[in-house]
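Each chain is listed here by its residues.
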Amino acid sequence: MDIEIELLPGSEQKDLPSSSNLRFGRHLSDHMFLMDYKADTGWHNARIVPYGDFCLDPASACLHYGQAIFEGLKAYRGQDDKIRLFRAHDNMNRLNYSAWRMCMPQVDKNELLQAIKTLIRMEERWVPKAKGTSLYVRPFMIATEAFLGVRPAREYLLSVILGPVGAYYAEGFNPVKIFVTDKYVRAVSGGVGEAKTAGNYAASLMASEKAKELGFTQVLWLDAAERRYVEEVGTMNIFFLLEDILVTPELSGSILPGITRDSVLRLARDWGLKVEERPIAINEVLEKAKSKALKECFGTGTAAVISPVGALYYKGENFSINGGKTGDLAQRLFDEITGLQYGEREDAYGWIEVI
Ligand SMILES: *Cc1c(COP(=O)(O)O)cnc(C)c1O
């Protein structure tokens, strides 16, 4: 891929935010990657340009019919000053899966990854150094063809933007209180729940706002058909340690196949833990919380890596987990995965790429 580069004049470069005050998604770097698609010419005009507004026709399909997908990954700067990506190929594969599901065009994943690396190298000063901080990488694709009508668009824009993000746990783990919603659902069987598509997040807002009003951090989603089986927590996958068995819902089609989820499964199996991917009823979880057979519960995702759940609230009743404290397994997984990401632990899996 030939990438045309237009540099922002040095005098117009933004001031870096202080690494003690990095709020997620608030700071964006000086440059962005763009590439256009037309049905008859394919992807073309790959370019890195100063960060700035898009010019979109008001009839652009993404604005009306929701053809929009994204990815989220991070670049980590280690103590050795090297910058690493974690399982970035998996993010490229998932982007193509989401594109396929939303009738959008495939991208050459090696070329896109090369472009992302080129952009990160150009924006190297934006990769923060403080422990636990990172550079968030947001690739996304939108339908730009100008027409009104429901069919797959014939024109698209692919972009990558970057921004430094803070340590998720600057003051240590803080187990969260979760509201189990039996009213709203995130995704339905046969729907688009396993694609990282914009509409899924719009659909989730009402439930999470209601949960926040009641003092909870996030929502735990149940399956849409019966409101019986656990699916995800907020925008994370969910795990339960039931006695000595680590259990997570199987990928049923309505669950987003998280890369952190996959990493946790892989590590846990290699550590000799018993692991089950299976349907897990909310009643089983709550009974086992009561009988203390539920030892730990945590969410997994790129942003937080591991997010311990200290309590579940369901139908007016509060169920405390592990006394509201972080469990040993959650801590061990967090230490191992972040250790790999920052180059402090041996990468036996080929998950890490130094750029
Ligand atoms: C992105 C996402 C996840 C986590 O995926 P990772 O690859 O681990 O970051 C889980 N659930 C939803 C709904 C997501 O959007």
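Definitions and cut-offs
Residues numbered from 1 in each chain as written. Predicted model: local features only at pLDDT ≥ 70, side-chain atom pairs only at ≥ 80, totals over all residues. Heavy atoms only, no water. Near = heavy atom within 4 Å. Polar contact = N/O pair within 3.5 Å; in protein donor to acceptor, adjacent residues only side chain to side chain. Areas by Shrake-Rupley, 256 points an atom, 1.4 Å probe, with all protein chains shown as cover. Nonpolar A, V, L, I, M, F, W, Y, C, P; charged D, E, K, R; others polar. Core = buried A, V, L, I, M, F, W, Y, C linked by side-chain atoms within 4.5 Å. Buried < 20%, exposed > 50% of the residue type's maximum accessible area, 1.4 Å probe, protein only. Contact = heavy atoms within 4.5 Å. Helix = DSSP H or I, 4+ residues; strand = E, 2+ residues; numbered from the N terminus. Expected span 1.5 Å × (residues − 1). Axes fitted to C-alpha atoms, helices over the stretch in contact; angles between N-to-C directions. Parallel < 35°, antiparallel > 145°, perpendicular 65-115°, else oblique. Left-handed = near helix turned anticlockwise from the far one by under 90°. Phe/Tyr/Trp six-rings, centres within 6.5 Å; stacked < 30°, edge-to-face > 60°. Domains from an automatic or database assignment. Buried area = accessible area lost by both parts, 1.4 Å probe. Salt bridge = Lys/Arg side-chain N within 4 Å of Asp/Glu carboxyl O.

Participant: Quick question: what am I supposed to make of the site of the ligand here?
Facilitator: Surrounding the ligand, one finds 14 residues, the nearest of these being K196, Y201, E232, T260 and T302. K196 places a polar side-chain atom, nitrogen or oxygen, 2.7 Å from an oxygen atom of the ligand. With respect to the ligand, the side chain of Y201 contributes an N or O atom lying 2.4 Å from an oxygen atom. The protein chains hide 96% of the 380 Å² of surface that the ligand would expose on its own. Residues of the shell around the ligand, tallied by class, amount to four nonpolar, six polar and four charged.

Participant: So what exactly am I meant to see when it comes to the nonpolar core here?
Facilitator: Across soluble globular proteins, nonpolar side chains have a tendency to be buried as a group. If you look at the biggest cluster of nonpolar residues, it comprises 47 residues, and the most contacted ones within it are F33, L112, I120, M141, L158 and V160. Leaving out residues up to four positions away in the same chain, M141 has contacts with W43, Q67, A68, I69, A99, M104, P105, V107, Y156, L157 and L158. Residues F173, F239, L241 and L246 belong to the second largest nonpolar core, which totals 25 residues.

Participant: Help me understand helix α7 (residues 328–341), please; the structure alone is not making it clear to me.
Facilitator: Residues lying three or four places apart along an α-helix face the same way, a consequence of the helix completing one turn every 3.6 residues. Here α7 is 14 residues long and its end C-alpha atoms lie 20 Å apart, about the 20 Å a rise of 1.5 Å per residue gives. Of the positions making up α7, those classed as buried are L329, A330, L333, F334, E336, I337, T338, G339, L340 and Q341. The positive-phi residue at the C-terminal boundary of α7 is G343, with phi of around 75°.

Participant: Got a minute to help me understand the packing of helix α2 (residues 88–101) against helix α3 (residues 109–122) in this structure?
Facilitator: For any two helices packed against each other, the geometry is given by the interaxial angle and the distance between the axes. Look at α2 against α3: their axes get within 10 Å of each other, and the N-to-C directions meet at 125°. Classified by the interaxial angle, the pair formed by α2 and α3 is oblique. Once α2 is placed against α3, the crossing between them reads as right-handed. Here A88, H89, M92, N93, L95 and N96 of α2 come into contact with α3, specifically with K109, N110, L112, L113 and I116. When the residues that make up the contact of α2 with α3 are grouped by side-chain class, the tally is six nonpolar, four polar and one charged.

Participant: In this structure, what is going on with the packing of aromatic side chains? I would like to understand it.
Facilitator: Here a ring pair, both rings aromatic, is described through the centre-centre distance and the interplanar angle of the planes. This model, assessed by the stated rule, comprises 14 aromatic pairs. Measuring from ring centre to ring centre gives 5.5 Å for F239 and F298, while their planes differ by 15°; the resulting arrangement is stacked. Here the residue F239 occupies a position in strand β12 (residues 237–242), and F298 occupies one in strand β15 (residues 294–301), the gap between them amounting to 59 residues. Judged by its relative accessible area of 0%, F298 is buried. Ring geometry for Y349 against W351: centres 4.3 Å apart, planes inclined by 15°, an arrangement best described as stacked. For W351, a relative accessible area of 8% puts it in the buried group.

Participant: Looking at this structure, I do not really get the domain arrangement of the protein. What am I missing?
Facilitator: Many descriptions give the size of an interface as the accessible area lost when the pieces come together. Under the domain assignment, the protein is made up of domain 1 (4–165) and domain 2 (176–341). Each side of the interface is counted separately: domain 1 has 19 residues, and domain 2 has 20 residues. Of the roughly 1800 Å² buried between domain 1 and domain 2, counting both surfaces, carbon and sulfur atoms make up 58%. On the domain 1 side of the contact with domain 2, F70, F86 and R94 bury the most area, a combined 34% of that side's loss. Along the contact surface separating domain 1 from domain 2 lie one salt bridge. Measuring nitrogen to oxygen at the nearest pair gives 2.8 Å for the salt bridge that ties D262 to R87. Where domain 1 touches domain 2, the interface holds 13 residue pairs in polar contact (both at pLDDT 80 or more). Elements with a minimum of two residues in the side of domain 1 that touches domain 2: β4 (68–70), β5 (73–77), β6 (83–86) and α2.

Participant: Where do I start with unusual backbone geometry in this structure?
Facilitator: A positive phi angle is found at E243, which is not glycine, with a value near 50°. One can find E243 in the loop between β12 and β13 (245–248). With a relative accessible area of 45%, E243 lands in the partly exposed category. Even without being a glycine, N322 presents a positive backbone phi close to 50°. Structurally, the position occupied by N322 is in the loop between β17 (317–320) and α7. Owing to a relative accessible area of 36%, N322 belongs among the partly exposed residues under this scheme.

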